[in-house]
Amino acid sequence: MRVFVYCRVAHDDSFSLEAQATQLRRYAEQAGYTIIGATAEQGSGLALDRPGLEKVTQAVLTGKVDMVLVNSIDRIGREWGMTQAYIDLLTQHKVKLLCIRDRLLFDKQGVTYFEQIKKCGVPVTGYSDPIRTLRMVRVAGFEPTGKPAASGRFPAPGGIGRRIAPA
């Protein structure tokens, strides 16, 4: 699977940016993914017009990538309507979004939440609150229905989430 690694911090914090990049690269290597591109940037999550995210978008639009790998969903954006629109762009081009710290996989069928993900020698827990994240994902119009990966491989077959109609 061809992946694009995307890292973002809101403020100038090169240590956090490097830590994200290291964790995502190690995860991709351990999962057997081919990294076709990577970008790390400092910028606000309240807008999508960021140079690094534009590189990701270009790779998606030209068909060079199968999955975008991020540390957590809020690395794409902090405003959920905007973030959902970006996820829709990815899924329209058959590109998945894997958020390893949140344990979420977005694809054309919806969202999957995984209790376990492949061990890769780096911690996958962090500052993200899984309950808060799932609540925000539901607000964005997804209902997670995923099951843990029995083999520890990622992504697991089955257990795909479904998109729900807005309330």
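Above this note sits the structure.
The structure presented is a predicted model; accordingly, all values stated were derived computationally and were not measured.

Novice: Could you give an account of the overall build of the protein chain, with specific residues and numbers?
Specialist: From N to C terminus, the protein chain includes four helices and eight strands. In the protein chain, the succession of helices and strands from N to C terminus is β-α-β-α-β-α-β-β-β-α-β-β. When each of the 167 residues of the protein chain is scored for burial, the buried share is 49%. Considering only contacts in the protein chain between residues 6 or more positions apart, those separated by 24 or more positions represent 70%.

Novice: Account for helix α3 (residues 80–92), naming residues and giving values.
Specialist: The end-to-end C-alpha separation of α3 is 18 Å, in line with the 18 Å expected for 13 residues at 1.5 Å each. Measuring from the backbone nitrogen of glycine 81 back to the side-chain oxygen at the start of α3 gives 3.1 Å, which picks out glutamate 79 as the cap. Lysine 94 lies just past α3 and shows a positive phi near 60°.

Novice: A description of the environment of leucine 69 should follow, citing residues and the corresponding values.
Specialist: Looking at where leucine 69 falls in the secondary structure, it is placed in strand β3 (residues 67–70). Counting along the chain gives 31 residues from leucine 69 to alanine 38, while the straight-line C-alpha distance between them is 9.3 Å. Once residues within four sequence positions are removed from consideration, leucine 69 is found in contact with Phe4, Val5, Tyr6, Leu24, Tyr27, Ala28, Leu98 and Ile100.

Novice: Pulling in residues and values, what's your account of the pattern of salt bridges?
Specialist: Charged atoms that come close allow side chains of opposite charge to pair. Going through the model one piece at a time under the given rule, you end up with four salt bridges. Where aspartate 74 meets arginine 78, a salt bridge forms, and the shortest distance between an N and an O atom there is 3.2 Å. The class of aspartate 74 is buried, set by a relative accessible area of 12%.

Thresholds, definitions, all that
Each chain carries its own residue numbering, running from 1 in the written order of its sequence. In keeping with the predicted nature of the model, local features appear solely for residues at pLDDT of at least 70, side-chain atom pairs appear and are counted solely at 80 or more, and the whole-chain, interface and lining totals rest on all residues. Hydrogens are left out, water is left out, and the side-chain values use all remaining heavy atoms of the structure. Secondary structure elements are defined from DSSP: runs of H or I of at least 4 residues count as helices, runs of E of at least 2 residues count as strands, and each element is numbered from the N terminus. Remark: exposure states derive from per-residue accessible area (1.4 Å probe, protein chains only) relative to the maximum for the residue type, with buried under 20%, exposed over 50%, and partly exposed in between. The contact definition used throughout considers only heavy atoms, calling two residues in contact when any of these lie within 4.5 Å. The span expected for a helix works out to 1.5 Å for each residue beyond the first. Polar contact criterion, stated in full: a pair of N or O atoms within 3.5 Å, where within protein one must be able to donate a hydrogen and the other to accept it, and residues adjacent in sequence count only if both atoms are side-chain atoms. Should a side-chain nitrogen of Lys or Arg be within 4 Å of a carboxyl oxygen of Asp or Glu, the pair is scored as a salt bridge.

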